[in-house]
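Descriptive analysis of the structure
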Amino acid sequence: MAAGPVAPIARQNARLLLGNPGPLVLFFFTPLLTMAVMRPTFQRVLVGQGFTNANGAEQVIPGFITFFVFFWVVFIGRNFFAEHGWGTWQRLQTSFASPADIVIGKIFPAFCIVLLQVTLLFAIGAVLFDLDSAGPVASLLIVGVALAACVVAFTIALVGLVRLSVQLDALGNLLVMVFAALGGALVPVALLPAWGRAISPAVPSYWANKAARSVILEGQGLSAVWGPAGVLALFALAFAFLAMMTFRVSQAKVTAG
Amino acid sequence: MSEWLLRVLDGPAAGNVISLEHEVRVGRAASSDGRLGEDPELSREHARFSCDADGFAVLEDLGSTNGTFVNGELVESAQILHAGDRINLGNTTLQLDAPATQGADRTVLRDSLPAAGGEETGRPDRPAARPPQDEPSGRTGPESLSVLRGPAHGATIAVEGGIEFGREAAGSGALTGDPELSRRHARITRTADGALLLEDLGSTNGTYLNGWRIPSPQALADGDQIEVGQTLLELSGVARSAAREASIVGSGQKRVSAQPSSEKTVLRAEGVTKQYGDRPVLTGVDLEIRAGEIVGLLGPNGAGKTTFASIVAGLLPATSGRVTINEIDVRQRPRLARRQLGIAPQDLGIYPTQTVRRNLQFFGEISGLRGRLLRSRVDEIGEALSLTPLFERKAAILSGGQKRRLHAGMAMLHHPAMLILDEPTVGADIRTRQEILDTVRRLADEGRAVCYSTHYLPEIEALGAAVAILDAGRIVASGSIAELIARHSSPAVELTFAGEAPATDLGVRGEITREGSTIRIATDDPAATAAAVVARLGAHAARLRSVEIVSPSLDSVYLTLTERRYASGGSLPDADVSALPPPMGVPAGWYPDPAGRDALRFWDGQSWTDRIASRAA
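Residues numbered from 1 in each chain as written. Chains lettered and ligands numbered in written order. Predicted model: local features only at pLDDT ≥ 70, side-chain atom pairs only at ≥ 80, totals over all residues. Heavy atoms only, no water.

What about the overall build of chain A?
Each helix and strand counted, chain A has 11 helices and zero strands in total. Taken from N to C terminus, the helices and strands of chain A fall in the order α-α-α-α-α-α-α-α-α-α-α. Among the 257 residues that make up chain A, the fraction classed as buried is 53%. By sequence separation, contacts in chain A at least 24 residues apart represent 82% of the contacts at least 6 residues apart. When the accessible surface of chain A is split by element, carbon and sulfur atoms take 72% of a total near 10400 Å². (Helix = DSSP H or I, 4+ residues; strand = E, 2+ residues; numbered from the N terminus. Buried < 20%, exposed > 50% of the residue type's maximum accessible area, 1.4 Å probe, protein only. Contact = heavy atoms within 4.5 Å. Areas by Shrake-Rupley, 256 points an atom, 1.4 Å probe, with all protein chains shown as cover.)

As for the sheet that holds strand β15 (residues 196–200) of chain B
Residue and element names in this part refer to chain B. Spatially, β13-β14-β15-β18 is the arrangement adopted by the four strands of the open sheet, whose pairing is antiparallel. Edge positions in the sheet fall to β13 (162–165) and β18 (218–219), since each of these pairs with one other strand and no more. Taken together, the five bridges between strand β14 (residues 186–190) and β15 define a ladder with antiparallel strand orientation. By the bridge assignment for β15, Ile-188 is matched with Leu-198. (Pairing = 2+ DSSP bridges.)

A short note on the side chain of Glu494(B)
All names here are of chain B. By the element assignment, Glu-494 lies in strand β33 (residues 492–497). Judged by its relative accessible area of 1%, Glu-494 is buried. Among the polar contacts listed, one links the side chain of Glu-494 to the side chain of Arg-520, at a separation of 3.5 Å. (Polar contact = N/O pair within 3.5 Å; in protein donor to acceptor, adjacent residues only side chain to side chain.)

Some remarks on the pattern of salt bridges
What the rule picks out here adds up to 23 salt bridges over all chains. When the shortest N-O distance is used, the salt bridge between Glu365(B) and Arg11(A) registers 3.6 Å. With Glu365(B) in helix α3 (residues 356–365) and Arg11(A) in helix α1 (residues 6–18), this pair bridges two chains. Via salt bridges that share partners, Arg7(B), Asp97(B) and Glu227(B) belong to a single interconnected network. (Salt bridge = Lys/Arg side-chain N within 4 Å of Asp/Glu carboxyl O.)

Side note on unusual backbone geometry
Apart from glycine, the bulk of residues carry a negative phi angle, and the bulk of peptide bonds sit in the trans form. Residue and element names in this part refer to chain B. With phi around 50 degrees, Glu-160 is a residue other than glycine that occupies positive phi space. Considering the arrangement of structural elements, one finds Glu-160 in the loop between β12 (156–158) and β13. Residue Asn-326 is not a glycine yet carries a positive backbone phi of 50 degrees. Relative to the elements of secondary structure, Asn-326 occurs in the loop between β26 (320–325) and β27 (328–329).

Looking at the interface of chain B and chain A
Every contact between the two is made by 34 residues of chain B and, on the other side, 25 residues of chain A. When the two sides are added together, the surface that chain B and chain A hide from each other amounts to roughly 2600 Å², 59% of it contributed by carbon and sulfur. Joining chain B to chain A, the criterion identifies one salt bridge. Counting only elements with at least two residues in the side of chain B that touches chain A, the list comes to β5 (57–61), α2 (334–339), β28 (341–344), α3 and α5 (400–412) of chain B. Considering only residue class, the side of chain B that touches chain A consists of 18 nonpolar, eight polar and eight charged. (Buried area = accessible area lost by both parts, 1.4 Å probe. Nonpolar A, V, L, I, M, F, W, Y, C, P; charged D, E, K, R; others polar.)

Considering the sheet that holds strand β36 (residues 544–550) of chain B
Residue and element names in this part refer to chain B. Ordered in space as β34-β35-β33-β36, the four strands form an open sheet in which the pairing is antiparallel. Looking at the sheet topology across the chains shown, the edges are occupied by β34 (511–515) and β36. Mean inter-strand twist for the sheet, computed between neighbouring axes without regard to direction, equals 15 degrees. In the sheet, β33 pairs with strand β35 (residues 518–522) via five bridges, with the strands oriented antiparallel. Its bridge partner being in β35, Val-493 is matched across the sheet by Ile-521. (Axes fitted to C-alpha atoms, helices over the stretch in contact; angles between N-to-C directions.)

Here's the deal with the environment of Thr324(B)
All names here are of chain B. With respect to the element layout, Thr-324 can be found in strand β26. As a C-alpha pair, Thr-324 and Pro-334 span 10 residues in sequence and 9.8 Å in three-dimensional space. What Thr-324 contacts, discounting residues up to four positions off in sequence, is Val-266, Leu-267, Arg-268 and Asp-329.

Structure representation (structure tokens):
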């Protein structure tokens, strides 16, 4: 394969994303802390639902992973705004790189980092909180890949929709909370009000949690994962389509506030 | 489809030309296209050349025993090549020549031949063409050819009335010992007007001028490099011809010389317009910049300079018109065009959270530089712009001038054929400014075309650049500084009064303009005119505050053409000097008087004050 500008841009973006320890702490340690705090509560909820051997990890680990993973949307999105603010976005456009090279170079490391976060949180959470899965947790890796793709595609679509960083912050954080609340990340979907249960399939987190529940609590295998992973992949495609409609490399982004 | 060409410079297959229209594997036993003969140090399939979908020429070593080298650097992975790159495989040397454009003859005509020593032909082991000398046009000297390579290396051959090369040629033209010379290989003849022409005589291996095989007789110029067989010759002592002079063409004006450069047009903008809704920003810009030429693009804020630069860089589409860089259309083949281009936009574009070295390395990497070549280019730019001591410092904590140097350096790493610098010295201190100017001058001397946009007119003079003045979306004047001054400005006397300037008949010839308290008289003899006018002022002489001789300068030309402040005849704008637009972002200090007087005025950081000093002082 010909050496092109994608690899250098991807490496550069990885350095930019990993160069700021603040969000990394937020995205790795805060979920673990939250899991630790919330686990006893969720244990009681799960026992109440009939999973008498549950210790709460079965809900808090996937739940808070799907909650915190969407925080990357604002963080990755802000990276695009930072490039505009630094003037480097314009420089990239005048380089040998095509618009596609630039976008691919920027989202590929983001995808890898999100996938790494999901995998690490799951692994560390499982060890720390003594997760006893009834089914093969390795099958959830497919869900993790689809979820990471979903997060990245959603980020690009959102960045394409907004011009100001404050718009990104407001819309991004609002949707993170909506996804978490409706998707069963904060409380099991079964405990949502009827209207909440009715619309919860409309958010990607729901499908990730559904797959996790099928495997971890209900002991199902790969066959139970394909469906939710497929829906997540469709979400990712829909977001990618929206991104193609809205994202313009030449559109100026303004950091305000 | 454009097509890269590999020319075999030496080795058993010397003289062959390999097209990269399709992937080519080269080696001892490669396919017919890439068979390089019985070179014992070549592997059977040594390396692979290809041209990717975006027009990049790419080289990969195929696990050869002795390795593949680009410009002396070992190829460790797939590597993008640049025009002029020299590739060594075994005992064979190849050189990559720039792609010929569709429909163009592969052996291009003189008008598009690259200059010797420029990037397109920048072969490291060949001496670059000598930098242009500041000598009067028309000077002739004893033309001679220095043998730079081949069996006769070190010899000097007089051209005199002409010379023929070949094994059967008489005298020094025989180049004894060169096995690749045909019986009658090539000749140089002198035309009736004294010009020298190089002609191939149907040789087997061809005759090359500055790296390009010539299809027909070509005019020669000082510094040209000629290859016949294994012999490389460099021509010197040739009179500079008008065609060899740098030129720019603006808005239908004839070409004007500014500085010596090669024939090759690098940037060509034809009828470029840009319109935002009903608002025209560019209304038909024509501009040519040739290899080795610097053109200072001047114009007031809002004149369209940055818009023009953005169109050249492919950031903005032109509403109409066409821009090519090295004959590559920037809209049709933007990636390929950008390979020829280095641009430092007006706004800084650096990664503040990363070190100076990392910033340079990254932009080198996305320009296709790798490995030791990348490191050497980073070191080279660091040295040229005094960034080396700052390499490990985060860009965020650099001073404004240091950031500006880094910003400019990032555009130069890949040795682009065309360099666009949009106000590169804004906010820079004197040292930074000088370093940037020195570097730009050096790059032009190496054969790069430079478009230098600025508000600081002395920089244009320091660079010895040609000038194109952009105003209200079109180029209103172009040429060398001397020509513009001769064409658009003249000496003048300026009288300043307490209160309104009198409407008295001054009894002198010349263009007289009145503006508030000032009378300006354009005249060829300002001293005599001043004496005559003062004598005729009568009672008004009591109100006379100053008499000033105004020497013509680029400043006054610029103001004449853009501000129309001293337009001849008619009424003048009701404004005084202090109301002129200030130079944006400059610190307090003494600067050339914006009114064009041969004087300095004080800028207090916010506005011009009344403090005036003569330049001599």
